[in-house]
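Remarks on the overall topology
For reference, the chains in residue letters:
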Amino acid sequence: MKRKLVTCISRGFVAVVVIFAILLFSPAKMGNAATASATTIDPKTTIAELLPDDDPNTKIVREALYNGKKYDGNPSGLSSDSTFQNVINASLQITIDTPMNDYGPLMKIANTLSELNLHQQTHLTSKNIPEILTAMATNRPIIKTRPAAQQPVGVDFSDNQLDNTQFAAMMAAMPLVFSKEYGGQIDVTQNKITDFSPYLTYLNSLGTPDAARKVNLAAFNQTGTDGVTLPTQKITGNTLELPFSFFPEYREQSNQSAFVDDTNGKYTIASRVYRGDEDYFNNPENINETHQVQAGDGVKTALKTFTLVDLDDPNTKPPVDISGINRLDASQAGTTTYFKQLDSEVWGELEYAQKNMPSDLTGALPDKSTLKITNIPAGSTAIKIRIIVLNSSNYQNAPFTGYAQTYKIPLEWDNPAPQPTTPPTASSESGAEPVKAVTKQKVVSPIRKIGLYQQPTFTAKSRSRWYPRQSRTQRPMLKVLGYAHSKNGLVRYRVKDVSPGASGQTGYITARTDYIVNTYYQTAATKIKVLRGLNSYTNRQLTGQRRHFAKNKIVRVKRLVTHNLTTRYQLPNGQYVSANKRLVIRVK
């Protein structure tokens, strides 16, 4: 029997459906507001008549129509004289990132859209979100030349500070929006969602694997970290043993109504101990413009199987230790790697080897269905486990959609409970605090509003200033001088403002990676787009100017090089340009 343990991302992982119940919104419960706003409009009505220039909200929607794209990617070509029939025929993808306080004008045209991108909204609620989605699904015009346009193909509500209640309302309305035939993608990246069970409940309601696989969720980079609290578990000797089915994503792994593995894609579930530290899949640098996580070498580090040996490799010398299978070590501070279960084929090979060639292995093969969490710090009142769910097409190096779900498990220790050998943190939760430390200086930029404080424990009194959210080209540049901890153990960066024209003010900022990113790219690219004018130079010190690239110019690059605290992209001709994200952006 061939005894090879695969190390690549499993193609056979199947996730299952959460049993959590949520209160579903039926059309009757949503009231008549959304339905009334989506009634049939005379096709000859012009945009100027439909959206008169008498309200800021109508202006926002009208501009979105003008700037929208047809379902085929071409510009909308619409103007104030265009008719509602023109809007129908375009089957538009529109983006609205100007805050609205009344979504009535949007609901008038919602049922014509093939994709709605709604960002930076401050007035979305658990009431008007279902109304907007219901308006998209009500009285949808039939376009004979494009049947798929009968249903929306994309709903993007990223960057709206949505919470769990609003997300649940959104998922409850989805059966009205997506047909089982066409499905679609739901994008809620960069919000405050910590409970994704309504999404799994929605998938389960679709009834068939074929329908479920057509609905994908992009939901990385959430600011919330609390997660869902599961039932209290008893811990014995610093070790906690749980069936994988204890976690909703694993619960009924054989049930394919939620996640399916077929020729059109592959799904992966993996887990790790969570300490409040972010990881590859939640790092904004690894999330592309369509809010998918880039595949590549980083994934190989961030996602592994519980064993990484190949008994057929001549460099592998038996015996091979298999005691780490299905085991997470809570004492490994800073580890952000997710571990996947072994697939059935590999498990069968291990069982064969243990029975027929026991000298090749050391350690006992654990129970296949049990997850063991070892070395939990004495005195911990709870531990957090994070489950990652990833979906990609079966194309090589295809990016991922998916989400990361955090679970908090309260702990009950045997009596007498062991005493901690070091003073516990204020929360006394294993995995509740960031452990990432700064080992070298670097330059970072905030992507959300943050404060600069004179003490690592943030208070209004110690705050020196706010850094408001800025456009990419205007983000502040903060040199990291070192790190410190708040009195509750949270990691802070000690920084100096090195932005162009800045006074060099120093202080402390958050180290959370959903608020802070590297100012300079840390990964290679093949092409970059110029954002605000860029010069090339003969050397990496950026001296000896050779050429100027205008804004929006696409430039081919060969490799990434470092220079002190910064990075540069080297061009095919050997010249260098800055890899500062204020100046350039990677493109496909």
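Residues numbered from 1 in each chain as written. Predicted model: local features only at pLDDT ≥ 70, side-chain atom pairs only at ≥ 80, totals over all residues. Heavy atoms only, no water.

**Quick notes on the overall build of the chain**
Scanning the chain for helices and strands turns up 11 helices and 33 strands. Counting every position in the chain, which comprises 588 residues, the buried fraction comes to 50%. Summarising the internal contacts of the chain: among those between residues at least 6 apart in sequence, 72% fall at separations of at least 24. With the model as given, the accessible surface of the chain reaches about 26400 Å², and the carbon-plus-sulfur share is 48%. (Helix = DSSP H or I, 4+ residues; strand = E, 2+ residues; numbered from the N terminus. Buried < 20%, exposed > 50% of the residue type's maximum accessible area, 1.4 Å probe, protein only. Contact = heavy atoms within 4.5 Å. Areas by Shrake-Rupley, 256 points an atom, 1.4 Å probe, with all protein chains shown as cover.)

**Some thoughts on the nonpolar core**
The biggest cluster of nonpolar side chains holds 56 residues, and the ones touching the most others in it are L106 and F157. No other element matches helix α7 (residues 164–177), which puts 6 residues into this core. The residues touching L106, leaving out its near neighbours within four places in the chain, are V61, I94, I96, M100, L116, L118 and I132. Counting residues in hydrophobic clusters, the runner-up holds 34 residues, among them L242, Y250, V273 and L365. (Core = buried A, V, L, I, M, F, W, Y, C linked by side-chain atoms within 4.5 Å.)

**Description of the pairing of strand β15 (residues 370–374)**
Counting buried positions along β15 gives 4 out of 5 residues, so the element sits mostly inside the fold. Pairing geometry for strand β8 (residues 240–243) and β15, over 4 bridges, is antiparallel. Bridge assignment links L240 to a residue of β15, and that residue is I373. Alignment of strand β12 (residues 327–329) against β15, held across 3 bridges, turns out to be parallel. Across the sheet, the residue bridging to L328 is I373, located in β15. (Pairing = 2+ DSSP bridges.)

**A word on the pattern of salt bridges**
Any two side chains of opposite charge can pair, so long as their charged atoms come close to each other. Using the criterion set out here, one finds 8 salt bridges in the structure. Of the charged contacts in the structure, one is a salt bridge between D159 and R469, with a shortest N-O distance of 2.8 Å. In this pair, D159 is assigned in the loop between β3 (154–156) and α7 and R469 in the loop between β21 (463–467) and β22 (478–485), connecting sequence segments 310 residues apart. Judged by relative accessible area, D159 falls into the buried class, the value being 12%. Note that E241 is salt-bridged to K372, the shortest N-O span being 3.8 Å. With E241 in strand β8 and K372 in strand β15, this residue pair connects regions lying 131 residues apart in the sequence. (Salt bridge = Lys/Arg side-chain N within 4 Å of Asp/Glu carboxyl O.)

**Quick notes on the packing of helix α6 (residues 128–137) against α7**
Relative orientation of the contacting elements α6 and α7 amounts to 15°, with a least axis distance of 8 Å. In this view, α6 runs roughly parallel relative to α7, as classed from their interaxial angle. Like other packed secondary-structure pairs, α6 and α7 cross with a definite hand, here right-handed. Contact residues: I129, P130, L133, T134 and A137 in α6; Q166, A169, M170, A173, M174, L176 and V177 in α7. For the contact of α6 with α7, a count of residues per class yields 10 nonpolar, 2 polar and no charged. (Axes fitted to C-alpha atoms, helices over the stretch in contact; angles between N-to-C directions. Parallel < 35°, antiparallel > 145°, perpendicular 65-115°, else oblique. Left-handed = near helix turned anticlockwise from the far one by under 90°. Nonpolar A, V, L, I, M, F, W, Y, C, P; charged D, E, K, R; others polar.)

**Notes on the sheet that holds β15**
What the 3 strands build is an open sheet, ordered β8-β15-β12; its pairing is mixed. Each end of this open sheet is capped by a strand with a single partner; those strands are β8 and β12. Averaged over neighbouring strand pairs, the angle between their axes works out to 20° when direction is ignored.

**Digging into the sheet that holds strand β29 (residues 554–556)**
Here 3 strands make up an open sheet; going across it, the order is β29-β26-β33 and the pairing antiparallel. Because the sheet does not close on itself, it has two edges, and the strands there are β29 and β33 (584–587). Averaged over all pairs of adjacent strands, the angle between strand axes in this sheet comes to 35°, irrespective of strand direction. Bridge count for strand β26 (residues 527–530) against β29 is 3 bridges, and the pairing is antiparallel. The residue bridging I528 from the neighbouring strand is V555, located in β29.

**Thoughts on unusual backbone geometry**
Residues other than glycine seldom take positive phi values, yet N221 does so here, at roughly 60°. Looking at where N221 falls in the secondary structure, it is placed in the loop between β5 (215–218) and β6 (228–229). Of note in this structure, N375 is not a glycine but carries a positive phi near 55°.

**Topic: the pairing of β26**
A one-sided burial pattern is seen for β26, the buried positions being I528 and V530 and the unburied ones K527 and K529. Two elements, β26 and β33, share 4 bridges in a ladder whose sense is antiparallel. Pairing of K527 across the sheet is with V587, part of β33.

**Some points on α6**
Residues separated by three or four positions in an α-helix point in the same direction, a consequence of the helix having 3.6 residues per turn. Counting buried positions along α6 gives 9 out of 10 residues, so the element sits mostly inside the fold. In the stretch just after α6, N139 is the one whose phi turns positive, near 55°.

**A few points about the packing of α7 against helix α8 (residues 197–205)**
For any two helices packed against each other, one specifies the inter-axial angle together with the distance between the axes. The N-to-C vectors of α7 and α8 enclose an angle of 10°; their axes lie 9 Å apart at closest approach. Taken as axis vectors, α7 and α8 run roughly parallel relative to one another. Seen from α7, the contacting residues are F167, A168, M171, M174 and P175; seen from α8, they are P198, Y199 and Y202. Of the residues contributing to the contact of α7 with α8, the split by class is 8 nonpolar, no polar and no charged.

**As for the confidence of the model for the chain**
Taken residue by residue, the chain gives an average pLDDT of 80. The fraction at 70 or more is 81%. Note that pLDDT drops below 50 for residues 1–38; the model gives that stretch 118 contacts with residues more than four away or on any other chain. The low-confidence segment residues 260–265, where pLDDT is below 50, has 16 contacts with residues more than four positions distant or belonging to other chains. (pLDDT = per-residue confidence, 0-100.)

**Here's the deal with the environment of T46**
Secondary-structure assignment places T46 in the loop between α1 (33–37) and α2 (47–50). The class for T46 is buried, based on a relative accessible area of 18%. Spatially, the C-alpha atoms of T46 and N86 are 9.0 Å apart, while their sequence positions differ by 40 residues. Setting aside chain neighbours within four positions, we find T46 in contact with S80, D81, S82 and T83.

**Quick look at the packing of aromatic side chains**
In total, this model carries 12 aromatic pairs according to the counting rule given. Here Y199 and Y403 contribute two aromatic rings whose centre-to-centre distance is 6.2 Å and whose plane-to-plane angle is 85°, an arrangement assigned as edge-to-face. A residue pair is termed long-range when its members are at least 10 positions apart, and Y199 in helix α8 and Y403 in strand β17 (residues 401–413) qualify at 204 residues. When sorted by exposure, Y199 lands in the same class as Y403, which is buried. (Phe/Tyr/Trp six-rings, centres within 6.5 Å; stacked < 30°, edge-to-face > 60°.)

**Quick notes on the side chain of D279**
Mapping D279 onto the fold places it in the loop between β9 (266–273) and α10 (297–302). Take D279: its relative accessible area is 6%, and that puts it in the buried class. In this structure the side chain of D279 is engaged in a polar contact, spanning 3.0 Å, whose partner is the backbone nitrogen of F281. (Polar contact = N/O pair within 3.5 Å; in protein donor to acceptor, adjacent residues only side chain to side chain.)

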